[in-house]
Amino acid sequence: MSRRPVNPSRRIGDGGSIPFVGVVQAKARSSPLLSVALVLVGTILLVCYAFSGSGGASSKEAVIKLEGGVSCTYEVQKAIPILKKAYGDSMHKVLHVGPETCSVVSKLLKEEDTEAWGVEPYDLEDVDANCKSLVSKGIVRAADIKFPLPYRAKSFSLVIVSDALDYLSPKYLNRTLPELARVSADGVIIFSGYPGQQRAKVAELSKFGRPAKLRSSSWWIRYFVQTSLEENEAASKKFEQASLKRSYKPECQVFHLKSYH
């Protein structure tokens, strides 16, 4: 699993200028081929610069941005401040389920008074040193989410799932969603893609053996009713209010469900 997204936060050059632009312009008149070569070199170096960017962003975020498309796992990372406003103390013990869970868990662990664990539904191969450390400590593990999760009931205050349920047929959703509700005490938060949305390649590398099935909000709502999963209206309202205050607009559908009691 070599998927490595990044959200570089450093400015490129003084005054926001991009390196090599002046050089390219200077050479453009004398040699078109040289101009093309310099542009290519500049682009490669800019990408490398993005991967080395600071500010706490993981290198995996850039890949998602460069490839285009939407990653709901990356969206979870963006939404963490909003989720903390909406859920308050319930964010103290969180399980994330989805691809690139190491990046989400790492970000959650940086939050004050927050413990986090992760389940990676893909094989944990070719991961970075940080992810290997999380795996060796038992914080992150690989598990097939079509089967019962290796946790006791209400082991976590919240369960957040992203870029995983979209690959499950209703047959397996009937197994997986109740499991997510079982191991949570205060709720389940689902980040799901919109129909017709281009998915980032991180999600297209699915090991579930099928393409993503992006469902409408009405489909999900009917499904929740059929499976006796109730919307967490209070959390949903707080999430919307916090989003408005921060001018945050999710690029994925976000559903707030109650746990089983």
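Just above, that's the structure.
Residues numbered from 1 in each chain as written. Predicted model: local features only at pLDDT ≥ 70, side-chain atom pairs only at ≥ 80, totals over all residues. Heavy atoms only, no water.

Considering the pairing of strand 2 (residues 115–120)
Our working rule: Buried means the residue's accessible area, taken with a 1.4 Å probe over protein chains only, is under 20% of the maximum for its type, while exposed means over 50%, and partly exposed covers the values in between. Elements are defined by DSSP. Helices are runs of H or I of four residues or more, strands are runs of E of two residues or more, and each kind is numbered from the N terminus. We call two strands paired when DSSP finds no fewer than two bridges between them. With its strands directed away from the observer, a crossover is right-handed exactly when the path from the first strand over the helix to the second travels clockwise.
A large share of strand 2 lies buried, amounting to 5 of its 6 residues. As paired strands, strand 1 (residues 93–97) and strand 2 are joined by 5 bridges and run parallel to one another. Across the sheet, the residue bridging to H96 is G118, located in strand 2. In the classification by handedness, the crossover that spans strand 1, the intervening helix 5 (residues 101–109) and the parallel strand 2 is right-handed. Taken together, the 3 bridges between strand 2 and strand 3 (residues 140–142) define a ladder with parallel strand orientation. Residue V119 lies in a different strand from strand 3, and its bridge partner there is R141.

Here we look at the packing of helix 4 (residues 72–87) against helix 10 (residues 233–245)
The condition is simple: Between N-to-C directions, angles span 0 to 180 degrees; the directions come from axes that are lines fitted to C-alpha atoms, helices contributing only their stretch in contact. Here roughly perpendicular refers to angles of 65 to 115 degrees, roughly parallel to angles under 35, roughly antiparallel to angles over 145, and oblique to all remaining angles. Left-handed is the label given to a crossing in which the near helix is rotated counterclockwise from the far helix by less than a right angle, and right-handed is the label when the rotation is clockwise. The contact criterion used throughout is that any non-hydrogen atoms of two residues lie within 4.5 Å. Gly is placed with the polar residues, together with every amino acid not listed as nonpolar (Ala, Val, Leu, Ile, Met, Phe, Trp, Tyr, Cys and Pro) or charged (Asp, Glu, Lys and Arg).
Viewed as axis vectors pointing N to C, helix 4 and helix 10 meet at an angle of 130°, and their least axial separation amounts to 8 Å. By the angle between their directions, the pair helix 4 and helix 10 is classed as oblique. Both helix 4 and helix 10 take part in a crossing whose hand is right-handed. Between helix 4, through I82, L83, K85, A86 and Y87, and helix 10, the contact on the second element is made entirely by A235, K238, F239, A242 and S243. Residue composition of the contact of helix 4 with helix 10, grouped by class: 7 nonpolar, 1 polar and 2 charged.

A word on the packing of aromatic side chains
Applicable threshold: Whether two aromatic rings pair depends on their centres lying within 6.5 Å, for rings of Phe, Tyr and Trp, where Trp uses its six-membered ring; planes under 30 degrees apart make the pair stacked, over 60 edge-to-face, and the rest tilted. The rule is short: NZ of Lys or CZ of Arg within 6 Å of the ring centre and within 35 degrees of the ring normal puts a charge over the ring.
Per the counting criterion, the structure on display carries 9 aromatic pairs. For the pair W219 and W220, a centre-to-centre distance of 5.2 Å together with 90° between the ring planes defines the contact as edge-to-face. On the numbers, 5.5 Å between centres and 75° between planes, the contact of F224 with F255 is edge-to-face. Highlighted residues: F224 in helix 9 (residues 217–226) and F255 in strand 6 (residues 253–257), separated in sequence by 31 residues. When sorted by exposure, F224 lands in the same class as F255, which is buried. Following the ring pairs from residue to residue traces out a cluster consisting of W219, W220, Y223, F224 and F255. Across the ring face of Y172, the terminal group of K146 is positioned such that the distance to the ring centre comes to 5.6 Å. We note R215 situated over the ring of W219; from NZ or CZ to the ring centre the distance is 4.6 Å.

What about the state of the cysteines?
Selection criterion: Note on disulfides: each one is a pair of cysteine sulfur atoms within 2.5 Å.
Across all of its chains, the model carries 2 disulfides by this definition. Covalent S-S linkage joins C102 and C131, the inter-sulfur distance amounting to 2.0 Å. Taking the sign of the S-S torsion, 50° for the link of C102 and C131, the bridge is right-handed. Here C102 is found in helix 5, whereas its partner C131 is found in helix 6 (residues 129–136), with 29 residues between them in sequence. For C102, a relative accessible area of 3% translates into the label buried.

What to know about helix 10
Defined as follows: Each residue after the first adds 1.5 Å to the expected span of a helix. Note that the arc is defined by the directions from the helix axis to the C-beta atoms.
The first and last C-alpha atoms of helix 10 sit 19 Å apart over 13 residues, in line with the 18 Å expected at 1.5 Å per residue. Of the residues making up helix 10, those classed as buried are A235, S236, F239, A242 and S243. One face of helix 10 carries all of its buried residues, which in axial projection span an arc of 130°. Away from the buried face of helix 10 by more than 90 degrees, exposed residues E233, K237, L244 and K245 are located. Among the structural elements, helix 4 and strand 6 are those in contact with the buried residues of helix 10. Note on helix 10: the residue one or two positions beyond its end, S247, has a positive phi of about 55°.

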